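Here's the letter readout for the chains.
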Amino acid sequence: MTPFTYERAADRPAALALGARAGAKYLGGGTNLVDLMRETIEQADVLVDVAGLSGEIEATGDGGLRIGAGVKNTAVAADRRVRDGYPLLSEAILAGASAQIRNMATVGGNLLQRTRCGYFYDDAARCNKRAPGAGCDAIEGFNRIHAILGASSACVATHPSDMAVALAALDAVVTVEGISGVRDVALVDFHRLPGDTPDIDTVLTFGELITAVTLPPEGFARRSTYRKVRDRASYAFALISVAAALDVEDGAVKDVRIALGGVAHKPWRAATAEAMLKGGPATPAAFQAAAEAELAPAHGLRDNAFKIELSRRVIADTLVKLAARQESL
Ligand SMILES: Cc1cc2nc3c(=O)[nH]c(=O)nc-3n(C[C@H](O)[C@H](O)[C@H](O)COP(=O)(O)OP(=O)(O)OC[C@H]3O[C@@H](n4cnc5c(N)ncnc54)[C@H](O)[C@@H]3O)c2cc1C
Ligand code: SF4
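As the structure is a prediction and not an experimental result, all values here were calculated from the model.

A.B. asks: Would you take a moment to explain the site of ligand 2 for this structure?
C.D. replies: For ligand 2, the set of nearby residues contains 14 residues, the closest of which are Cys 117, Cys 127, Cys 136, Cys 155 and Val 156. Classifying every residue of the shell around ligand 2 by side-chain character gives 10 nonpolar, two polar and two charged.

A.B. asks: Quick question: what am I supposed to make of the pattern of salt bridges here?
C.D. replies: Close approach of charged atoms allows side chains with opposite charge to pair. Taken as a whole and judged by the stated rule, the model has 24 salt bridges. Between Asp 35 and Arg 38 there is a salt bridge, and its shortest N-O distance comes to 3.2 Å. Of this pair, Asp 35 and Arg 38 both sit in helix H2 (residues 33-38), three residues apart, which is roughly one turn of that helix. Residue class for Asp 35 comes out partly exposed when judged on its relative accessible area of 34%. For Asp 84, the salt bridge goes to Arg 80, with nearest N and O atoms at 3.5 Å. With Asp 84 and Arg 80 both in helix H4 (residues 80-85), this residue pair falls four residues apart, about one helical turn.

A.B. asks: Help me understand the packing of aromatic side chains in this model?
C.D. replies: Centre distance and the angle of the planes are the two values used to describe a pair of aromatic rings. Overall, the coordinates contain one aromatic pair when judged by the stated rule. Centroid distance Phe 120 to Tyr 121: 5.4 Å. Interplanar angle 85°. Geometry classified as edge-to-face.

A.B. asks: How do you make sense of the sheet that holds strand E11 (residues 252-261) when you look at a structure like this?
C.D. replies: Within a sheet, adjacent strands bond to each other through the backbone by hydrogen bonds, running parallel or antiparallel. Reading across the sheet, the four strands line up as E9-E10-E11-E12 and stay open at both edges, with antiparallel pairing between neighbours. At either margin of the open sheet sits one strand with a lone partner, and together these are strand E9 (224-229) and strand E12 (268-269). With nine bridges joining them, strand E10 (residues 240-249) and E11 adopt antiparallel strand pairing. Looking across to E11, one finds that Ala 244 is bridged to Ile 258. Strand contacts of helix H5 (residues 87-94): E9 and E10, with the helix running at about 20° to E9, the strand carrying the most contacts. Contacting E9, E10 and E11, helix H12 (residues 306-327) runs over the sheet at an angle of about 35° to E10.

A.B. asks: I would appreciate a short explanation of the site of ligand 1 in the present structure.
C.D. replies: What surrounds ligand 1 is a group of 32 residues, the closest being Tyr 26, Gly 30, Thr 31, Thr 106 and Asp 162. Contact distances for ligand 1 include 2.7 Å between an oxygen atom and a backbone N or O atom of Gly 29. With respect to ligand 1, the backbone of Asn 110 contributes an N or O atom lying 3.4 Å from an oxygen atom. In the complex, the protein chains occlude 91% of the 970 Å² of accessible area that ligand 1 would expose alone. Contributions of two or more residues to the shell around ligand 1 are made by strand E2 (24-27), helix H7 (107-111) and strand E8 (209-215). Take the shell around ligand 1: its biggest share by element is three residues, from H7. Here the shell around ligand 1 is built from residues that sort into 15 nonpolar, 13 polar and four charged.

A.B. asks: I keep staring at the pairing of strand E5 (residues 65-68) and nothing clicks. Help me out?
C.D. replies: Walk down a regular strand and you will see the side chains alternate between the two sheet faces. Both strand E4 (residues 57-59) and E5 contribute to a ladder of three bridges, which runs antiparallel. Across the sheet, Glu 58 pairs through a bridge with Arg 66, a residue of E5. Between E4 and E5, which pair antiparallel and follow one another directly, the connecting turn spans five residues, one of which, Gly 63, has a positive phi of 95°. Looking at chain direction, E5 and E8 are connected through four bridges and run antiparallel. When the bridges of E8 are listed, Arg 66 appears paired with Thr 214.

A.B. asks: Could you clarify how one ought to interpret the environment of Leu 246 in this entry?
C.D. replies: You can see Leu 246 is positioned in strand E10. On the basis of relative accessible area, Leu 246 is assigned to the buried category, the value being 0%. In sequence terms Leu 246 and Gln 326 are 80 residues apart; their C-alpha atoms lie 8.8 Å from each other. In contact with Leu 246, other than residues within four places in its own chain, are Phe 220, Arg 223, Val 253, Asp 255, Val 256, Phe 287, Leu 319, Leu 322, Ala 323 and Gln 326.

A.B. asks: Would you take a moment to explain helix H1 (residues 12-19) for this structure?
C.D. replies: All of the buried residues along H1 are Ala 15, Leu 16, Leu 18 and Gly 19. Projection of H1 onto a plane perpendicular to its axis shows the buried side chains occupying an angular sector of 165°, all on one side. The secondary structure elements touched by the buried residues of H1 are strand E1 (5-8), E2, strand E3 (46-49), strand E6 (173-178) and E8. The N-cap residue of H1 is Asp 11: its side-chain oxygen and the backbone nitrogen of Ala 14 are 2.9 Å apart.

A.B. asks: I'm lost on the nonpolar core in this one. Help?
C.D. replies: When a protein is soluble and globular, its nonpolar side chains tend to lie buried together. Ranked by internal contacts, the top residues of the largest apolar core, which has 38 residues, are Val 76, Leu 89, Leu 111, Leu 167 and Leu 215. Among the elements that make up this core, the one with the highest residue count is helix H8 (residues 163-169) (seven residues). With residues up to four places along the chain from it excluded, the contact list for Leu 89 reads Ile 67, Val 76, Val 82, Met 163, Ala 166, Leu 167, Leu 170 and Leu 215. Counting residues in each nonpolar core, the second largest holds 30 residues, with Ile 240, Val 263, Ala 286 and Ala 316 among its members.

A.B. asks: Is there a simple way to think about the packing of helix H11 (residues 284-295) against H12 in this case?
C.D. replies: Helix-helix packing is described using two parameters, namely the angle between the two axes and the distance between the axes. It is the contact of H11 with H12, at a shortest axis distance of 9 Å, that shows an interaxial angle of 145°. Here the hand of the crossing between H11 and H12 comes out right-handed. Residues Pro 284, Phe 287, Gln 288, Ala 291, Glu 292 and Leu 295 of H11 pack against Ile 308, Ser 311, Arg 312, Ile 315, Ala 316, Leu 319, Val 320 and Ala 323 of H12.

About the thresholds
Residues numbered from 1 in each chain as written. Chains lettered and ligands numbered in written order. Predicted model: local features only at pLDDT ≥ 70, side-chain atom pairs only at ≥ 80, totals over all residues. Heavy atoms only, no water. Near = heavy atom within 4 Å. Nonpolar A, V, L, I, M, F, W, Y, C, P; charged D, E, K, R; others polar. Salt bridge = Lys/Arg side-chain N within 4 Å of Asp/Glu carboxyl O. Helix = DSSP H or I, 4+ residues; strand = E, 2+ residues; numbered from the N terminus. Buried < 20%, exposed > 50% of the residue type's maximum accessible area, 1.4 Å probe, protein only. Phe/Tyr/Trp six-rings, centres within 6.5 Å; stacked < 30°, edge-to-face > 60°. Pairing = 2+ DSSP bridges. Contact = heavy atoms within 4.5 Å. Axes fitted to C-alpha atoms, helices over the stretch in contact; angles between N-to-C directions. Polar contact = N/O pair within 3.5 Å; in protein donor to acceptor, adjacent residues only side chain to side chain. Areas by Shrake-Rupley, 256 points an atom, 1.4 Å probe, with all protein chains shown as cover. Arc of directions from axis to C-beta. Core = buried A, V, L, I, M, F, W, Y, C linked by side-chain atoms within 4.5 Å. Left-handed = near helix turned anticlockwise from the far one by under 90°.

Rendered as structure tokens:
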């Protein structure tokens, strides 16, 4: 680990001033960044601790929720308004990491956690995300956890966050603040596909601070769920995951939201499947057809092609179960 200094920001303006300095990085719970600094994969001259800022969950005027970036993952998952109104979000957070890590991890830090590609963490390997232009050892290497959608010839990594997948399905909005002002970014546009610049994970610019994530009014998000398929029952990242909400009326799909995790460089909103389903019959055959259409552009590598069929099956089965739940109400 290279030497660095530590500053605890007293308030947002102080954080922004400190964060604008060359070599500065914000620190949430430190559960990802500090590991990466220990391995010298990430470096910082100064860590600006922002975990104590923006630590509230508040109702918005239109019936949604505004979750401060400093709120701990545990607090979000346990909040009664989240559990009742947005169960997929609570379930997604609880499916991730361990209780101890969730007690430390913040909302802002969770969104910005780096990929779990093993070659990214191994400084003897070639990795365009860590060292632009170096090449990508995952493409011809061990790539069981890697992307099947939206990858590029420069990088096939996936985004590891469970929480972000639920937020993508919910049409959440990320508020960010920099020295030049405040802006709102839709969660689905916040993370990037790798293209030729996989070293850039998101649309954040240097010094910008995430201050909050806003959930729209709950609507049919009450009828939602998060399914995570992984190699171990706990303490493992998703091979694939599905965040879904479904509203069925008179046997037809009135509205539907589907987002996938573990399949791409960003949480993957299943727009093709949603468009096929809306207004159509809420039947297992329709769910299966929509899942197949969503996965049509998928591309498997040596070790991860199984994720294509797995994703199809988990999408269809999740929707079948959500529809059955509504019938029984
Ligand atoms: C063993 C283990 C297992 C895990 N399993 C899972 C899992 O199954 N699913 C899952 O989703 N996650 C998992 N995680 C990851 C965990 O969720 C993340 O480490 C955590 O959410 C990161 O949050 P943090 O606050 O600690 O971020 P930090 O490590 O403090 O920061 C991460 C990044 O965010 C930046 N940052 C932090 N806050 C802000 C802000 N407000 N504005 C701008 N930038 C900011 C930092 O500069 C840094 O780049 C696991 C982690 C470990 C160690
Ligand atoms: S997949 Fe991406 S993160 Fe992994 S080695 Fe290749 S460039 Fe690096």
